[in-house]
Amino acid sequence: MSDDCIFCKIINRELDADIVYEDEHSIAFKDINPVAPVHILVAPKKHIPTLQDMDKEDEPLIGHLHGVINEVARAFKLDTKGYRVVINCGSDAGQIVFHLHLHLLGGRPLLQNLAQGRGA
Ligand code: 5GP
Ligand code: ZN
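Residues numbered from 1 in each chain as written. Chains lettered and ligands numbered in written order. Predicted model: local features only at pLDDT ≥ 70, side-chain atom pairs only at ≥ 80, totals over all residues. Heavy atoms only, no water.

Draft legend 1. Structural detail: the packing of aromatic side chains. In the structure shown here, the tally under the stated rule is one aromatic pair. Plain terms: the ring middles of Phe7 and Phe29 are 5.1 Å apart, the flat faces sit at 80° to each other, and that makes the pair edge-to-face. In this pair, Phe7 sits in helix H1 (residues 6-11) while Phe29 sits in strand E2 (residues 26-30), placing the two residues 22 residues apart along the sequence. In this pair, the class of Phe7 matches that of Phe29, namely buried. (Phe/Tyr/Trp six-rings, centres within 6.5 Å; stacked < 30°, edge-to-face > 60°. Helix = DSSP H or I, 4+ residues; strand = E, 2+ residues; numbered from the N terminus. Buried < 20%, exposed > 50% of the residue type's maximum accessible area, 1.4 Å probe, protein only.)

And the structure:
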């Protein structure tokens, strides 16, 4: 828990969010400024600022977050047509909330293929 972290505040119910999934270690909620018909953020309850701040012991947790993506994607019917998962790490990636989170994006064709360096 970090006192000035908005995602910690969502986890602790000090800030409202449209929560779509929760378990002991993670939470998933709708992005306040969606860039796709489905735009959900999946975050660990543990306050880890960026992917680069994770410890070796966090590896199972990071794996678990992907399991949550799988489940939420199915719940939002993205499993047949597909979806994109994004982690922004640090300033060059445009990270604005420094509590690790995965973006789950889908519900329309995502034309830019970031891995081929065309997207921004
Ligand atoms: P990133 O840090 O990976 O760039 O993205 C942070 C994401 O969090 C953004 O897509 C932004 O719209 C979303 N966001 C920022 N503040 C809030 C908030 O208070 N509630 C919710 N639900 N999403 C937020
Ligand atoms: Zn936090």
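Once the structure has been displayed, the description carries forward.
Draft legend 2. How the structure looks around the coordination of the zinc ion (ligand 2). Coordination of the zinc ion (ligand 2) by the protein involves Cys5 (SG), Cys8 (SG), His47 (ND1) and His99 (ND1), with metal-donor separations of 2.0 to 2.3 Å. Taken together, the four donor atoms coordinating the zinc ion (ligand 2) and their angles of 105 to 115° define a geometry best described as tetrahedral. Ordering the donors of the zinc ion (ligand 2) by residue number gives the pattern C-x2-C-x38-H-x51-H. Pair noted here: His47 is in the loop between strand E3 (38-44) and helix H2 (59-75) and His99 is in the loop between strand E4 (83-86) and strand E5 (102-106), with a separation of 52 residues, a long-range link. For His47, a relative accessible area of 23% translates into the label partly exposed. (Donors = N, O, S within 2.8 Å, 3.2 Å for Na, K, Ca; no water. Tetrahedral: all angles 85-135°; square planar, octahedral: opposite > 155°, others 65-115°.)

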